[in-house]
Amino acid sequence: MSTLIFFLALIWLGSGFDCNFKDSTRSEEDKLQVHLVPHTHNDVGWLKTVDEYFYGANNSIQHAGVQYILDSVIPQLRANKTKRFIYVEIAFFERWWNEQDHHMKTEVTKLVQEKRLEFINAGWCMNDEAATHYNAIIDQMTYGLNFVQETFGPDARPRIAWHIDPFGHSSEQASLFAQMSFDGFFFGRIDYADKDLRLEQKRMELVWRGSRNLGEGSDIFTGVLYNGYNPPKGFCFDQFCTDPPIQDDPRLFDLNVQETVDKFVAITNLQAMHYKTKHIMLTMGSDFMYENANLWYKNLDKLIKYVNAVSTGYCSTFKGVLVKPTQV
Ligand SMILES: [Zn+2]
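This structure is a prediction, so every number in the text was calculated from the model and none was measured.

**Thoughts on the overall build of the chain**
For the chain, the helix and strand inventory stands at 9 helices and 10 strands. Within the chain, the fraction of its 328 residues that count as buried is 36%. Here the analysis covers contacts within the chain between residues at least 6 apart in sequence; of these, 72% occur between residues at least 24 apart.

Shown next as structure tokens:
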């Protein structure tokens, strides 16, 4: 995950729920680093056609309009240098790009150069792995990656493969991604029994050898995402969700900062128990989310601020947490 860009929240790492560590025993290196990844998952055809998904037509079938997602996210990124976003499906991005004027194209190019808008995977779509022929996979990946290269140059090359929604994963796909020079491969769906065992044995991250014949050339760092590709329970700030926003006016009855911080710390500590390193990823987004990006960014800003500043001790009362947007 060396090149994914995230919001970063640093939390003291306890031994799971062991809240009895003393302050003096801890150093900066002991902090759990929580990477909040703002993302949207845009199927290039599912319940509606690709055209309907792009324009947000036939929303009685499913409310989804990709043009509005990009219209909403880009101004958020332009307004604040701490904000970042990853984008995956080039079939949609290319359509949106073609509708922008010269000024907007220049601004978006700047965001890509600053790696605040980062292309991940960047095939024409996120292909299925079970029923696809490898020729088709190579063709669709080539088509999307060529767009990124020709539009934004070689520095915009995606380094992370991101198959968060295919139902099951093939060694051929892992081998192809390794041969396409991706640095890492993340996915969200594996068999539940396999996932349970991996969680228990802290084997959610691994180096996958996709091909015995190719050997090392087909090795790729692979990560199984903790929540599929959704945010943790209680922390979905999208218009599609009903989780509470962070209400931080102390004069009001529904003030929920401490409660939110406590819950976030408990959730991240629990997740960290199942990973070997002190870096964990939280996928802050889901299907066709960020149509109103301000809901996400406003609450993520508050979450980062209060988790790092308002908390007063370890676990439910921890302290000493820092935050900065960073590249890891
Ligand atoms: Zn999907």
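**Description of the packing of helix H8 (residues 257-272) against helix H9 (residues 293-309)**
The geometry of H8 relative to H9 is characterised by a closest axis approach of 10 Å and an angle of 80° between their N-to-C directions. Taken together, H8 and H9 sit at an angle that is classed as roughly perpendicular. Across the interface between the two elements, Val257, Thr260, Val261 and Phe264 from H8 touch Leu303, Tyr306 and Val307 from H9. Of the residues in the contact of H8 with H9, the class split is 6 nonpolar, 1 polar and no charged.

**Things to note about unusual backbone geometry**
A positive phi angle is found at Lys202, which is not glycine, with a value near 55°. Within the secondary structure layout, Lys202 lies in the loop between helix H7 (192-201) and strand E7 (205-209). With a phi close to 55°, Phe288 is a non-glycine residue in the positive phi region. Within the secondary structure, Phe288 sits in the loop between strand E9 (279-284) and H9. According to the C-beta neighbour criterion, Phe288 is buried, with 22 such atoms within 10 Å.

**Focus on the packing of helix H2 (residues 66-79) against H9**
As a packed pair, H2 and H9 sit with axes 8 Å apart at the nearest point and diverge in direction by 35°. Where H2 abuts H9, its residues Ser72, Val73 and Gln76 lie against Ala293, Asn294 and Tyr297. When grouped by side-chain class, the residues that make up the contact of H2 with H9 number 3 nonpolar, 3 polar and no charged.

**Some thoughts on the sheet that holds E7**
Strand order in the open sheet formed by 4 strands is E5-E6-E8-E7, with mixed pairing between adjacent strands. Bordering the open sheet on either side are strand E5 (160-163) and E7, each of which pairs with just one other strand. Looking at each pair of strands side by side, their axes are set apart by 30° on average, direction ignored. Where E7 and strand E8 (residues 219-224) come together, 5 bridges link them in antiparallel fashion. Looking at the pairing, Glu205 lines up with Gly223 of E8.

**Things to note about the pairing of strand E6 (residues 184-187)**
By the alternation rule, side chains of E6 split into Gly184 and Phe186 and Phe185 and Phe187, which are all buried. Relative to E6, E5 runs parallel, the two sharing 4 bridges. Paired with Ile160 across the two strands is Gly184, which belongs to E6. As a crossover connection, the stretch from E5 through helix H6 (residues 171-179) into E6 is right-handed. Bridging between E6 and E8 involves 4 bridges; their strand directions are parallel.

**As for H8**
Think of an α-helix as 3.6 residues a turn; residues three or four steps apart then line up on the same face. If you check H8, its first and last C-alpha atoms are 22 Å apart, about what 16 residues at 1.5 Å a residue would give, namely 22 Å. Every buried residue belonging to H8 is among Thr260, Val261, Phe264, Val265, Thr268, Asn269, Gln271 and Ala272, and all of these are buried. Here the buried residues of H8 occupy an arc of 160° about the axis, which is enough to place them on one side.

**Points about the confidence of the model for the chain**
Residues with a pLDDT of 70 or more make up 85% of the chain, whose mean pLDDT is 88. Counting interchain partners and residues more than four positions distant, the pLDDT-below-50 stretch residues 1-6 has 18 contacts. Per-residue pLDDT stays below 50 along residues 311-328; that stretch engages in 46 contacts with residues further than four places along the chain or on separate chains.

The rules behind each value
Residues numbered from 1 in each chain as written. Predicted model: local features only at pLDDT ≥ 70, side-chain atom pairs only at ≥ 80, totals over all residues. Helix = DSSP H or I, 4+ residues; strand = E, 2+ residues; numbered from the N terminus. Buried ≥ 20, exposed ≤ 12 C-beta atoms within 10 Å, placed from the backbone. Contact = placed C-beta atoms within 7 Å. Axes fitted to C-alpha atoms, helices over the stretch in contact; angles between N-to-C directions. Parallel < 35°, antiparallel > 145°, perpendicular 65-115°, else oblique. Nonpolar A, V, L, I, M, F, W, Y, C, P; charged D, E, K, R; others polar. Pairing = 2+ DSSP bridges. Right-handed = clockwise from strand over helix to strand, strands pointing away. Expected span 1.5 Å × (residues − 1). Arc of directions from axis to C-beta. pLDDT = per-residue confidence, 0-100.

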